[in-house]
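Letter by letter, the chains look like this.
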Amino acid sequence: MSFLYPLGLLGLIGIPVLIIIYIIKSKYTEQTVSSTYLWTLSERFLKRRNPLNRLTGIISLILQILAVTAISLAIAHPIITMPDSANDYFFILDGSGSMRMEYTVDEEGKSVDRFTAGKEQIASTIEEAVDGSIFSLVYVGDHTEMIFKDLEDKEQALFLLSELEPVYCAATMNDAVGEAQAHFNEKPSSLIYLVTDKYYETTNNMTHVDMGSNVENYAISGVTYTYVDKLLTVNGFITSYASDETLTAELYVNGGTEPVAIGTFVVTMGTETPFQLAARVDHFTELAVTIPEEDGFALDNTLEIFDIESENTYNTLIVSETPFFIESMLDSLLNAKMDVIKPDEYTGQRGYGLYVFDGYTPESMPADGAVWLINQKGSLADAGFSVQSELTFSKAEPLELSKSTATALKPFIVDMTGDAVYVSAYVKYGLYRNFTTIMSHNGNPVIFAGTNALGNREVVFAFDFHNSNLPLLFDYTVLMRNLVIYSFPEIIETTLFNCGDEVTVNVPANCESVRVDAPSGDSVYLSADSATVGFVPKEVGVYTVTMNVSNTQRQFKVYASMTPEERLPEVAELELSLQGEATPGGHDGKYDALMAVFLALAVIFVADWMVYCYEKYQLR
């Protein structure tokens, strides 16, 4: 036996003090009686019936000595050593997405998820371990983390274990096994436990706690769509992992609660079965495909996709007296609202993704969208160029397509054939910002693009379309398409991701903030100072990206689905082993005797109180 606080034994000095007090204490008490004759008779009667009367004093002393001893021991905190009874436990807990599948815990069919069942098994091992055992836990989720190491406090270990939750991503055991290997090399007698639902053929030097169970699991994957002439056609795959089944696929659009199309499909176990659903809808912004049949893993039974074109703002305002060429072309390229007004109707309207000023110079540049300036003859603040002169020719002269090899030019001229563009007049500009010249005449930029002083994308045509052959050329369509792509950079290029993938967000000019709301409601703010930012979804469901652009709020949605690797009930691996040879044995355990001391003290206290009452009130 050892003591945690040996100085507590100094309390035993109280024992001789009690003995001294007992010796010098007066044994006589003064009592008043009505008759000495009756007192004498009563004494003789009591002595015959109570032979232990003389021992009450010494019993009280003994109990007081025992109480002082118990108090001193309680303060000293005795610990009883139990040789070779404790162990060193090292747990690896799989927290990957598949650990959210159901797990049957008893014969009555009660079920929890695999992760909860795994935590319960670890908790049970910790609770049943001999005091003095040491515990370590590595959690493997979207990253590997040592939750606690060489921890002896059971309560703290159980608390830290209870705080863990599984993720939705795939997990790799490499780092965790590396931690276990290092621990095993240092302490080869350690008991290593691998708690996972993955199947391993060999787990040398560790105990595989298999949380896998043969539950029904259905999944939707590989969903794509087309939307032509109001016909929405959705293709994808439906899978049953545990058995052959006849499954239903339902199609919902625009957040509706009733399916617009339903299909039934015969599915072979473990095989991706293609399906197709089609429905006519007036407009389309989002779709969801779901399997209504219940299974043990509902997280992969639904996929949602959001329409890219509806996510991005293509609304356009054209300010022109003769908008025919530009309006007809943009109308064919953009599936969005387009407003056309005359210059005298323009009063600084806002809220458009693109502003086209044809032969008209506004008082100020709009700050919330891209700008196309056509045949500008007046100075415009923030435009990035100045008007120098107007050049007019007696006969049309050709423009020269830029032959620069600069990377910035390539997006503007991709797929262009180089058809000759002739103009009979143009405005000569002096550039004081960094623009990319697409076409020029005698070294003067005639078609160029870049960003203006407000940070918005800007395209400039230095001539009137009616004084050129550009609208009649094949390259006109190609050039306008390239300029539209340049003017409308997609904020999010696709809306369907797997958990653990990085989502890239293109930050528009004048963006003040970027907030990402997770399905759980948690929010995070991303930097708005970079051209692109990214985040990694770690939950299954809809993420909402909210941007404040020039005091206008824009929202974009993406859907994060369950990682494909985690849809399988089990994943077979050949081997997962620790190198080396295990040695039997453990280290000394201990029994904390403090509770027993307190219990003994309580018994002694009650007994001493009874003796005191016996003496004081003569309860004989």
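Structural data are supplied above this passage.
Let me sum up the structure you'll find in this document.

**Side note on the overall build of the protein chain**
Part 1 of the argument: The helix and strand inventory of the protein chain stands at eleven helices and 36 strands.
Part 2 of the argument: Across the 620 residues in the protein chain, those meeting the buried criterion constitute 46%.
Part 3 of the argument: Here the protein chain has roughly 31,900 Å² of accessible surface; of this, 54% comes from carbon and sulfur atoms.

**Focus: the packing of aromatic side chains**
Part 1 of the argument: By the definition in use, this model includes 26 aromatic pairs.
Part 2 of the argument: For the ring pair Phe 385 and Tyr 429, a centre distance of 4.5 Å and an interplane angle of 45° mean the geometry is tilted. With Phe 385 in strand S22 (residues 385–398) and Tyr 429 in strand S24 (residues 422–431), the pair connects residues that are 44 residues apart, well separated along the chain.
Part 3 of the argument: Through pairs of rings, three or more aromatic residues link up here, namely Tyr 346, Tyr 352, Tyr 355, Phe 357 and Tyr 360.
Part 4 of the argument: Sitting over the ring of Tyr 486, Arg 457 keeps its end group 4.8 Å from the ring centre.

**A few points about the sheet that holds strand S12 (residues 231–240)**
Within a sheet, adjacent strands bond to each other through the backbone by hydrogen bonds, running parallel or antiparallel.
Part 1 of the argument: The antiparallel open sheet is built from three strands, whose spatial order is S11-S12-S15. The sheet terminates laterally at strand S11 (218–228) and strand S15 (273–280), the two strands that pair on one side only. In this sheet, neighbouring strand axes are inclined to one another by 20° on average, regardless of whether the strands run parallel or antiparallel.
Part 2 of the argument: Examined bridge by bridge, S11 and S12 share nine bridges and lie antiparallel to one another.

**What to know about helix H6 (residues 174–186)**
Part 1 of the argument: With 13 residues, H6 extends 19 Å from end C-alpha to end C-alpha; this agrees with the ideal 18 Å at 1.5 Å per step.
Part 2 of the argument: On its buried face, H6 is in contact with strand S3 (88–94), strand S6 (134–140), strand S7 (144–151) and strand S8 (191–196).

**Focus on a nonpolar patch on the surface**
Part 1 of the argument: Taken together, the side chains of Leu 7, Leu 10, Ile 13 and Val 17 define a hydrophobic patch exposed on the protein surface, amounting to about 430 Å² of accessible area.
Part 2 of the argument: Turning to its location among the elements, Val 17 is positioned in helix H1 (residues 14–24).

**Regarding the environment of Met 269**
Part 1 of the argument: Positionally, Met 269 belongs in the loop between strand S14 (261–267) and S15.
Part 2 of the argument: Excluding residues that lie within four positions of it along the chain, Met 269 makes contacts with Ser 240, Tyr 241, Ala 242, Ser 243 and Asp 244.

**As for the environment of Gly 430**
Part 1 of the argument: Among the structural elements, Gly 430 can be located in strand S24.
Part 2 of the argument: Take Gly 430: its relative accessible area is 11%, and that puts it in the buried class.
Part 3 of the argument: The sequence separation of Gly 430 and Asn 444 amounts to 14 residues, and the corresponding C-alpha distance is 8.6 Å.
Part 4 of the argument: Those residues in contact with Gly 430, other than ones at most four positions away along the chain, are Gly 384, Phe 385, Ser 386 and Gln 388.

**Some words on unusual backbone geometry**
Part 1 of the argument: Here the phi dihedral of Asp 229 falls at roughly 50°; this positive angle occurs in a residue that is not glycine.
Part 2 of the argument: Relative to the elements of secondary structure, Asp 229 occurs in the loop between S11 and S12.
Part 3 of the argument: Here Asp 415, not a glycine, exhibits a phi torsion of approximately 75°, which is positive.
Part 4 of the argument: If you trace the backbone, Asp 415 turns up in the loop between helix H9 (410–413) and S24.

**Here's the deal with helix H5 (residues 154–162)**
Part 1 of the argument: Within the sequence span of H5, burial applies to Lys 154, Ala 157, Leu 158 and Leu 161. Taken down its axis, H5 places every buried residue within 95° of arc, on the same side. Seen from the open side of H5, the exposed residues pointing more than 90 degrees away from its buried face are Glu 155 and Phe 159.
Part 2 of the argument: Its buried side turned inward, H5 meets S3, helix H4 (114–128), S6 and S7.
Part 3 of the argument: One side-chain oxygen at the N-terminal end of H5 lies 3.0 Å from the backbone nitrogen of Glu 155; it belongs to Asp 153.

**Side note on the pairing of S15**
Part 1 of the argument: Only one face of S15 is covered, namely the face carrying Thr 273, Phe 275, Leu 277 and Ala 279; the face carrying Pro 274, Gln 276, Ala 278 and Arg 280 is uncovered.
Part 2 of the argument: One ladder, built from eight bridges, connects S12 with S15; its direction is antiparallel. In the strand pairing of S15, Leu 232 is matched with Ala 279.

**Focus on the packing of H4 against H5**
Part 1 of the argument: It is at 10 Å that the axes of H4 and H5 come closest, and there the two elements cross at 180°. When the axis of H4 is compared with that of H5, the two are roughly antiparallel. Between H4 and H5, the contacting residues are Lys 119, Ile 122, Ala 123, Ile 126 and Glu 127 on the first element and Lys 154, Ala 157, Leu 158, Leu 161 and Ser 162 on the second.
Part 2 of the argument: Residue composition of the contact of H4 with H5, grouped by class: six nonpolar, one polar and three charged.

**Considering the side chain of Ser 243**
Part 1 of the argument: Summarising the element assignment, Ser 243 is placed in the loop between S12 and strand S13 (245–253).
Part 2 of the argument: Relative accessible area serves as the criterion here: at 17%, Ser 243 is assigned to the buried category.
Part 3 of the argument: At 2.8 Å, the side chain of Ser 243 forms a polar contact with the side chain of Glu 245.
Part 4 of the argument: When sequence neighbours within four positions are dropped, the list of residues in contact with Ser 243 reads Glu 216 and Met 269.

Analysis parameters
Residues numbered from 1 in each chain as written. Predicted model: local features only at pLDDT ≥ 70, side-chain atom pairs only at ≥ 80, totals over all residues. Heavy atoms only, no water. Helix = DSSP H or I, 4+ residues; strand = E, 2+ residues; numbered from the N terminus. Buried < 20%, exposed > 50% of the residue type's maximum accessible area, 1.4 Å probe, protein only. Areas by Shrake-Rupley, 256 points an atom, 1.4 Å probe, with all protein chains shown as cover. Phe/Tyr/Trp six-rings, centres within 6.5 Å; stacked < 30°, edge-to-face > 60°. Lys NZ or Arg CZ within 6 Å of the ring centre and 35° of its normal. Pairing = 2+ DSSP bridges. Axes fitted to C-alpha atoms, helices over the stretch in contact; angles between N-to-C directions. Expected span 1.5 Å × (residues − 1). Contact = heavy atoms within 4.5 Å. Patch = residues over 30% accessible without salt bridge, like charges linked within 9 Å, V, L, I, M, F, W, Y side chains within 5 Å. Salt bridge = Lys/Arg side-chain N within 4 Å of Asp/Glu carboxyl O. Arc of directions from axis to C-beta. Polar contact = N/O pair within 3.5 Å; in protein donor to acceptor, adjacent residues only side chain to side chain. Parallel < 35°, antiparallel > 145°, perpendicular 65-115°, else oblique. Nonpolar A, V, L, I, M, F, W, Y, C, P; charged D, E, K, R; others polar.

Such coordinate-based values are descriptive only and should not be taken to indicate function.
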